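# Close look at the chain arrangement
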Amino acid sequence: MLKTKLHSPAIFNEQVMRSGLIKKLELGLEKPMSLVSAPAGYGKSQTVSQWLQETTATSCWISLDEEDNDFRVFLQYLVAALHTAVPNCVPLTETISTAGDLPPIKTIAHTLINELDEVDESVILVLDDYHLIKENSIHELIDELLVYPPQCLHVCIVTRRDPPLKLNRLLAQSRMVEVRMRDLAFSTAEIKELYQNVFNESINEETANSLKNKT
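## Points about the packing of helix H1 (residues 19-27) against helix H2 (residues 44-54)
- Look at H1 against H2: their axes get within 9 Å of each other, and the N-to-C directions meet at 65°. The angle between the axes of H1 and H2 places the two elements in the roughly perpendicular class. Here the hand of the crossing between H1 and H2 comes out right-handed. On H2, the residues that touch Leu21, Ile22, Leu25 and Glu26 of H1 are Thr47, Gln50, Trp51 and Glu54.
- Its residues assigned to classes, the contact of H1 with H2 comprises four nonpolar, two polar and two charged.

Spelled out as structure tokens, the structure:
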């Protein structure tokens, strides 16, 4: 297991703090899920990492890649991530993840949910680069986790495109927060802050507006 996949991206002083988006994500913490969906280069992972730095909730992170389409590998990373947030919080799920034959997805999901339901503190689970996941059994596990979510858990999915999960149901029930391309685009004030932080240059409102419109 590559332990660095369980680390969130580092935050640097030169970055623009996305205060409005952090507030939006924090207010949505009472819901089971947040979806941060936009093309490459919009600062999705950095924004979520900033949020985790500011929130009082406990958090854990998985940077996903193509190899995580193996269900057992995904489950083992999921257990490892949760244990970085709350040590030994899902021991039965960990045992299942190393068993010779895995039980049905619902059995695994219900075991995981029941164990997490015993956790007293709020936990944010970030699944970064979720667009790389193609394996249906993984989508089934996440869907099941979101149908009957433990009260402590908030799943944050960071992706370049919407995943094949039952998002419409979550939206209809007002159980999901969305951060999309239009939200991640810099405001005029953020563009001015960026130039000040990175280039140590002040730009006027007109120039900032021009950059905003062109980009």
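After that view of the structure, there is still more to cover.
## Some points on unusual backbone geometry
- Phi is positive for serine 174, which is not a glycine, with a value near 55°.
- What makes serine 174 partly exposed here is its relative accessible area of 46%.
- Positive phi values are uncommon outside glycine, yet asparagine 200 reaches one of about 55°.
- By the secondary structure assignment, asparagine 200 is in the loop between helix H9 (188-199) and helix H10 (205-214).

## Regarding the packing of aromatic side chains
- Within the structure shown, the criterion is met by one aromatic pair.
- Plain terms: the ring middles of tyrosine 195 and phenylalanine 199 are 5.1 Å apart, the flat faces sit at 55° to each other, and that makes the pair tilted. Pair noted here: tyrosine 195 and phenylalanine 199 are both in helix H9, with a separation of four residues, about one helical turn.
- Take phenylalanine 199: its relative accessible area is 48%, and that puts it in the partly exposed class.

## A short note on the pairing of strand E1 (residues 33-37)
- In terms of residue burial, E1 counts as a mostly covered element, since five of its five residues are buried.
- Taking every second residue as pointing to the same face, both faces of E1 are buried, with Met33, Leu35 and Ser37 on one and Ser34 and Val36 on the other.
- Alignment of E1 against strand E4 (residues 153-159), held across five bridges, turns out to be parallel. Paired with serine 34 across the strands is cysteine 156, a residue of E4.
- In the sheet, E1 pairs with strand E5 (residues 176-180) via five bridges, with the strands oriented parallel. Looking across to E5, one finds that methionine 33 is bridged to methionine 176.

## A short note on the side chain of arginine 175
- Relative to the helices and strands, arginine 175 is located in the loop between helix H7 (167-172) and E5.
- Among buried Asp, Glu, Lys and Arg side chains, arginine 175 stands out as unpaired, with aspartate 143 the closest opposite charge at 9.4 Å.
- When near neighbours in sequence (up to four residues on either side) are disregarded, arginine 175 contacts Lys31, Pro32, Met33, Leu146, Val147, Pro149 and Leu170.

Definitions and limits used
Residues numbered from 1 in each chain as written. Predicted model: local features only at pLDDT ≥ 70, side-chain atom pairs only at ≥ 80, totals over all residues. Heavy atoms only, no water. Axes fitted to C-alpha atoms, helices over the stretch in contact; angles between N-to-C directions. Helix = DSSP H or I, 4+ residues; strand = E, 2+ residues; numbered from the N terminus. Parallel < 35°, antiparallel > 145°, perpendicular 65-115°, else oblique. Left-handed = near helix turned anticlockwise from the far one by under 90°. Contact = heavy atoms within 4.5 Å. Nonpolar A, V, L, I, M, F, W, Y, C, P; charged D, E, K, R; others polar. Buried < 20%, exposed > 50% of the residue type's maximum accessible area, 1.4 Å probe, protein only. Phe/Tyr/Trp six-rings, centres within 6.5 Å; stacked < 30°, edge-to-face > 60°. Pairing = 2+ DSSP bridges. Lys, Arg positive; Asp, Glu negative; His and termini not counted. Salt bridge = Lys/Arg side-chain N within 4 Å of Asp/Glu carboxyl O.

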